[in-house]
Amino acid sequence: MSALSNVKTILSKVVTSFVSENGKIASYYIKASKKKIQKNTILYEVRDGQSIVDSPYAMFMHLVKDPEYAHFHHIWVINDLNYPTVKRIKAEFDNVEFVERNSKRYLLWLATAEYLINNATFQSFFLKREGQTYINTWHGTPLKYMGFDIPGNPAHSQNVVRNFLMADYILSPNSHTTEIFSKSYRLDGLFPGTILEGGYPRIDRTNTINRESIKKELKKLNLTYNDRLPTILYTPTWKGSSILNPSNDKEQIVKETIFLKEHFKDQYNVLVKVHPYIYRELSRDEEIRSILIPDYLDPNEVLSIVDLLITDYSSIFFDFLVTDKPIIFYVWDRDLYEVDRGMYLKESDLPGPAAETIDDLIALIEGKNHFVEQYKHQYEELKNHICFYQDGNSTKRYIERIFKKKTSKQMKEVLLLNNKKKLVVYP
């Protein structure tokens, strides 16, 4: 047999195996969809089952602690049943179940849970059933272009749009994000559900979490952290056109964060929180491990103890505005990124200065008091626009609206569906 034939045979087996496995998953889900919807059950999924954080976590924590919802059964989707948060939740609550993504138990609950809460998307075989309520919280106020605004092939948005169109409720933190859902994902005229614009549940965690408990957690993790010093958090986002192929800036992140740590020794704690798509690789690096925030810690809870945020294009800075603490944008690859992806805000609208080199960054940190005053107007203006609803009670209002149908003057309800006939062109 020739080398080419061998390659073809191997590829054929791989493809057949992949299709077969995915076919089995979809087939079991279809069978499970014939079963009865289970009342008072809620399934939560974050980032394809990678973690237990974000707005679904904030909603869960509110519901599981409220005696009024004690009759609910909560199901968390998690790929790793040894995930640290799992142990903590199990020790505290007995009405919570954990299921591995794509397991039979997961598919059964996906098909039969009365409420489904996701901060991204369910898989392409998922079809929301009559009797299910789907709440999509999404995962941030967009700074980078989203949906059909991203240059190039729009195929990356197909399952996102599909999920949005099935959702009963899409949670929006502000009017800017509502417009992105409507225009950039082309939901205007088509979306049959309701956009609830009332802040982000996850930002309530920043507003209301006990800061001392977060500090204790950092110490327990043996991170290089002194609670007598102010804290700098660096949050570089992932780069690239696809989450399956992020560009690798690992070496630069490690070297520059360590450099900052040494430079500001005895002046600041310097910590780094990287995007989940590159966390696993970076967590193996001994050099940075002592200042690397674990992926399982909720980012919004961590923000509560941060005194200065350094970020690039991560939308985390929008959430950080509620703290009134300073922000620096470290944009060493600004020109490349603007060409590849594009952003909704001009640099003149940003609530802090930008640095393109590590020396510029250090100079800005050392002259912090000067730029804080200089950017005060932009900061306040953006905060008033983006964090308009963030008073620490967004989670409660969403839960009362979704589970009790109770409306609020502090929440805007946006309906996009029109009466025009809908045509599908399927090439």
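Residues numbered from 1 in each chain as written. Predicted model: local features only at pLDDT ≥ 70, side-chain atom pairs only at ≥ 80, totals over all residues. Heavy atoms only, no water.

### What to know about the overall build of the protein chain
Tallying secondary structure elements over the protein chain gives 18 helices and 13 strands in all. Computed over its C-alpha atoms, the radius of gyration of the protein chain comes to 22 Å, within 12% of the 22 Å expected for a compact globule of 427 residues. For the protein chain, with 427 residues in total, the buried portion stands at 54%. Look at the contacts in the protein chain between residues 6 or more apart in sequence, and 71% of them connect residues 24 or more apart. Here the protein chain contributes 57 positively and 54 negatively charged side chains, and the mean placements of these two sets differ by 9 Å. (Helix = DSSP H or I, 4+ residues; strand = E, 2+ residues; numbered from the N terminus. Rg over C-alpha atoms; globule rule 2.2 N^0.38 Å. Buried < 20%, exposed > 50% of the residue type's maximum accessible area, 1.4 Å probe, protein only. Contact = heavy atoms within 4.5 Å. Lys, Arg positive; Asp, Glu negative; His and termini not counted. Charge placed at Lys NZ, Arg CZ, Asp CG, Glu CD.)

### Side note on the confidence of the model for the protein chain
In this model, the protein chain carries a mean pLDDT of 92, and residues with pLDDT of at least 70 account for 91%. pLDDT under 50 marks residues 240–247. Its contacts with residues more than four places away, or in other chains, come to 8 contacts. (pLDDT = per-residue confidence, 0-100.)

### Examining the packing of aromatic side chains
Between two aromatic rings, the relevant description is the distance of the centres plus the angle of the planes. Scanning the model with the defined rule gives 25 aromatic pairs in all. Here the aromatic rings of Phe126 and Tyr134 are separated by 5.7 Å at their centres, their planes lie at 85°, and the arrangement is edge-to-face. With respect to burial, Phe126 and Tyr134 carry one shared label: buried. Ring centres of Phe264 and Tyr268 lie 5.7 Å apart, and the angle between their planes is 85°; this geometry places the pair in the edge-to-face category. Classification of Phe264 by relative accessible area gives buried; the value is 1%. Ring pairing ties together the aromatic residues Tyr29, Phe122, Phe125, Phe126 and Tyr134, which thus form one cluster. Residue placement shows Arg186 over the ring face of Phe148; its charged tip is 4.2 Å from the ring centre. The residue whose ring lies beneath Arg202 is Tyr200, and the NZ or CZ to ring-centre distance is 5.1 Å. (Phe/Tyr/Trp six-rings, centres within 6.5 Å; stacked < 30°, edge-to-face > 60°. Lys NZ or Arg CZ within 6 Å of the ring centre and 35° of its normal.)

### A look at the side chain of Thr137
When you line up the elements, Thr137 lands in the loop between strand E5 (133–136) and helix H5 (158–166). Relative accessible area serves as the criterion here: at 0%, Thr137 is assigned to the buried category. Once residues lying within four places of it in the same chain are set aside, the contact partners of Thr137 are Ser55, Pro56, Met59, Ile117, Asn118, Asn119, Leu171 and Tyr200.

### Describing the pattern of salt bridges
If you walk through the whole model with that rule in mind, you get 23 salt bridges. Arg289 is paired through a salt bridge with Glu286; the nearest N and O atoms lie 3.2 Å apart. With a gap of 3 residues between them, Arg289 and Glu286 both fall in helix H11 (residues 286–289), about one helical turn apart. Note on Glu286: relative accessible area 59%, which makes it exposed. With a closest N to O distance of 2.5 Å, Glu413 and Arg401 form a salt bridge. Taken together, the residues span a long stretch of sequence, with Glu413 in strand E13 (residues 412–414) and Arg401 in helix H18 (residues 394–404) at a distance of 12 residues. For Glu413, a relative accessible area of 33% corresponds to the partly exposed category. It is possible to trace a salt-bridge network through shared partners that takes in Glu45, Asp48 and Arg101. (Salt bridge = Lys/Arg side-chain N within 4 Å of Asp/Glu carboxyl O.)

### Considerations on the nonpolar core
The biggest cluster of nonpolar side chains holds 129 residues, and the ones touching the most others in it are Phe317 and Ile365. Setting aside residues up to four positions removed in sequence, Phe317 forms contacts with Leu143, Leu309, Thr311, Ile327, Phe329, Leu345, Leu350, Pro351 and Leu382. (Core = buried A, V, L, I, M, F, W, Y, C linked by side-chain atoms within 4.5 Å.)

### Some words on the sheet that holds strand E8 (residues 231–235)
Backbone hydrogen bonds are what pair the strands of a sheet, in a parallel or an antiparallel way. Across the sheet, 5 strands lie side by side as E9-E8-E10-E11-E12; this open sheet has parallel pairing. Pairing within the sheet leaves two strands with one partner each, and these edge strands are strand E9 (269–272) and strand E12 (354–355). Strands E8, strand E10 (308–311), strand E11 (327–330) and E12 of the sheet are contacted by helix H15 (residues 358–366), whose axis makes an angle of about 175° with E11. (Pairing = 2+ DSSP bridges. Axes fitted to C-alpha atoms, helices over the stretch in contact; angles between N-to-C directions.)

### Thoughts on the pairing of strand E1 (residues 38–45)
Pairing between E1 and strand E4 (residues 113–118): 5 bridges, direction parallel. Looking at the pairing, Leu43 lines up with Leu116 of E4. Across 4 bridges, E1 lies against strand E2 (residues 73–77) in parallel orientation. Note that in E2 the partner of Tyr44 across the bridge is Trp76. Between E1 and its parallel partner E2, the chain crosses via helix H2 (residues 54–65), and the hand of that crossover is right-handed. (Right-handed = clockwise from strand over helix to strand, strands pointing away.)

### Here we look at the sheet that holds strand E7 (residues 194–197)
In spatial order, the strands read E3-E2-E1-E4-E5-E6-E7-E13; together these 8 strands make up an open sheet with mixed pairing. Taken across any chain shown, the strands that pair with only one partner, and hence form the sheet edges, are strand E3 (96–99) and E13. Averaged over all adjacent pairs, the angle separating strand axes in this sheet is 20°, with direction ignored. Of the pairings in the sheet, the one linking strand E6 (residues 169–172) to E7 comprises 4 bridges and is parallel in character. From the neighbouring strand, Leu171 faces E7, where its bridge partner is Leu196. Those strands touched by H18 are E1, E4, E5, E6, E7 and E13, and its axis lies near 170° from that of E6.

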